[in-house]
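Okay, here's what each chain looks like letter by letter:
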Amino acid sequence: MGKLTAASVRGMKKPGKYYDQHGLILRVAPGGSRQWVWRGTVRGRRRDIGMGAVAYTTLAEARDIAYQYRKLARAGIDPKSRRANDCAPTFAEATEQVIEAYRPGWKDTGRSEENWRSSLRRYVYPALGSTPVDEITTADLVRVLLPVWHTKAETARKLKTRLGVVMRWSIAAGYRTDDPAGPALAAALPRQTTPTRHLASLPHDQVGPTLEKLETLPRAWPPTVACLRFLAATAARSGEARFATWDEVDLETRTWTVPAERTKTNREHVVPLSAAALEALDVARLYSKAPNGSGPLFPSPGGKPLGNGAMSKITRPFEFTPHGLRASFRSWAAETGVPREVAEAALAHSGRALERAYQRSDLLAARRKVMEAWSRHIA
């Protein structure tokens, strides 16, 4: 129960502070004016918030307001923020809306979504997750980024980008007018001296011998190794191969057509299948439940497409990544005199805008010869 009563409030004349419940205080000024004040702690900071004059707010009304303020404060929300009036969402709530908006455009939806959630959950939510987006300052973002800015440079750069996306979404949604992740943040952060790390790759003359070693691993799932062989032979991206289905493969023309929605360039990509690629498919077919339909080329033990970590797990001890096989192919192409435009087309790189304007051919015939030579090199 509170310490104040309606009668005691009416008779209170002596200057001072008189405490009730839920952080409610009656403040009597030396001049005789009486005000209600709420005192509480919001995200570790003390807050004193005026609640109006006693003449216009009864004790019962003041207690009810103080109770609502205390609930908001326990949830990490400043009672005087717009969030208290159900306007601005917290950073965590805004992030969910951003993910929902971005999800349809992500190529590998599950992986992209998990990357967003895991990085923000680990590095940002403890400090800012419950903070309304209209209260976040550049200083708040610096405080989040600095601990990892040099020690985990790549993670920090991705966090900075994601923070910027959420802040710009908040502006577009009308919750704030300025961008705390803009130029001021860039100026406040020190220069990173850690060089950009590229995904580990093998020297091109080690690709074949290493793939042979992978096949001898005692508990390696054969379709996983077959998928790695297929990646090496086609120089494709991991997600393009993991989600490939049998109806994308034409054995008569010896081609694999990657649909536009699964390519980085958003354009359909026809891949010539070399002898090495076809051998990988022969192995995969033995484990496929739908070798002539929409089933995955390289199924997991449960029949679904291979997960993102399936291949990385077995390549890690050999110090290369699935994506690094593309770098191995590109190095071989450069050293053996493969024309740049053919090598770039094999990798499905978009190229420069001017090149795209004049180079309309997919160079399939030229790519087929190159991929056959590459197939022989890694055999």
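Our subject in this report is the structure included herewith. (Residues numbered from 1 in each chain as written. Predicted model: local features only at pLDDT ≥ 70, side-chain atom pairs only at ≥ 80, totals over all residues. Heavy atoms only, no water.)

**Re the environment of Val-342**
Here Val-342 is to be found in helix H15 (residues 340–346). Each C-alpha atom, one on Val-342 and one on Leu-217, is 35 Å from the other, the two residues being 125 residues apart in sequence. Contacts of Val-342, omitting those with residues within four sequence positions, involve Leu-363, Ala-366, Arg-367 and Val-370. (Helix = DSSP H or I, 4+ residues; strand = E, 2+ residues; numbered from the N terminus. Contact = heavy atoms within 4.5 Å.)

**Description of the sheet that holds strand E7 (residues 269–272)**
Pairing is antiparallel in the open sheet, where 3 strands are placed in the order E5-E6-E7. Whereas interior strands pair on both sides, the edge strands pair on one side only; in this sheet they are strand E5 (249–250) and E7. Note that E5 and strand E6 (residues 255–258) share 2 bridges and pair antiparallel. In the sheet register, Asp-250 faces E6, and the bridge partner there is Thr-255. Docked against the sheet, helix H17 (residues 364–378) engages E6 and E7, running at close to 40° with respect to E7. (Pairing = 2+ DSSP bridges. Axes fitted to C-alpha atoms, helices over the stretch in contact; angles between N-to-C directions.)

**Digging into the pattern of salt bridges**
Tallied over the full model, the rule gives 19 salt bridges. For Arg-117, the salt bridge goes to Glu-96, with nearest N and O atoms at 2.4 Å. Separated by 21 residues along the polypeptide, Arg-117 in helix H4 (residues 109–123) and Glu-96 in helix H3 (residues 91–102) bring together distant segments of the chain. Take Glu-96: its relative accessible area is 34%, and that puts it in the partly exposed class. (Salt bridge = Lys/Arg side-chain N within 4 Å of Asp/Glu carboxyl O. Buried < 20%, exposed > 50% of the residue type's maximum accessible area, 1.4 Å probe, protein only.)

**Focus on the nonpolar core**
Inside soluble globular proteins, nonpolar side chains tend to come together where they are buried. Within the largest apolar cluster, 49 residues are counted, with the highest numbers of intra-cluster contacts made by Val-207, Phe-230, Trp-256, Leu-281, Leu-297, Phe-298 and Phe-329. Listing elements by their share of this core, those giving two or more residues are helix H9 (207–214), helix H10 (222–234), E6, helix H12 (275–285), helix H13 (308–315), helix H14 (324–335), H15 and H17. One finds Val-98, Val-142, Leu-145 and Leu-163 within the second-largest nonpolar core, a separate group that totals 29 residues. (Core = buried A, V, L, I, M, F, W, Y, C linked by side-chain atoms within 4.5 Å.)

**Let's talk about the sheet that holds strand E4 (residues 45–53)**
Spatially, 4 strands are ordered E1-E2-E3-E4 in an open sheet, and the strand pairing comes out antiparallel. Whereas interior strands pair on both sides, the edge strands pair on one side only; in this sheet they are strand E1 (16–19) and E4. Across the sheet, the axes of successive neighbouring strands diverge by a mean angle of 30°, strand direction being ignored. Summarising the sheet, strand E2 (residues 24–28) and strand E3 (residues 34–42) pair through 5 bridges and their orientation is antiparallel. The partner of Arg-27 across the bridge, within E3, is Gln-35. Sheet strands in contact with helix H2 (residues 59–74) are E2, E3 and E4, and its direction is about 15° off that of E3.

**Describing the environment of Ala-6**
Mapped onto the fold, Ala-6 is located in helix H1 (residues 6–11). Residue Ala-6 is classed as partly exposed on the basis of its relative accessible area, which comes to 44%. Sequence separation between Ala-6 and Val-225 is 219 residues; the distance between their C-alpha atoms is 79 Å.

**Describing the environment of Arg-143**
Here Arg-143 shows up in helix H6 (residues 138–149). Separated by 133 residues in sequence, Arg-143 and Arg-10 have C-alpha atoms that sit 48 Å apart. Within the local environment of Arg-143, its side chain forms a polar contact with the side chain of Asp-140, the two groups lying 2.3 Å apart. (Polar contact = N/O pair within 3.5 Å; in protein donor to acceptor, adjacent residues only side chain to side chain.)

**Section: H13**
Regarding H13, the residues found buried are Met-311, Ile-314 and Thr-315. One side of H13 holds all its buried residues, which, seen down the axis, span an arc of 105°. Here the buried face of H13 lies against H9, H10 and helix H11 (238–242). (Arc of directions from axis to C-beta.)

**Some remarks on the pairing of E2**
Within E2, 4 of the 5 residues are buried, which leaves the element mostly enclosed by the surrounding structure. Counting the residues that bridge the hairpin from E1 to E2 gives 4 residues, and of these His-22 lies at a positive phi of roughly 60°. Taken together, E2 and the strand that follows it, E3, pair antiparallel across an intervening segment of 5 residues, in which Gly-32 is found at a positive phi of about 105°.

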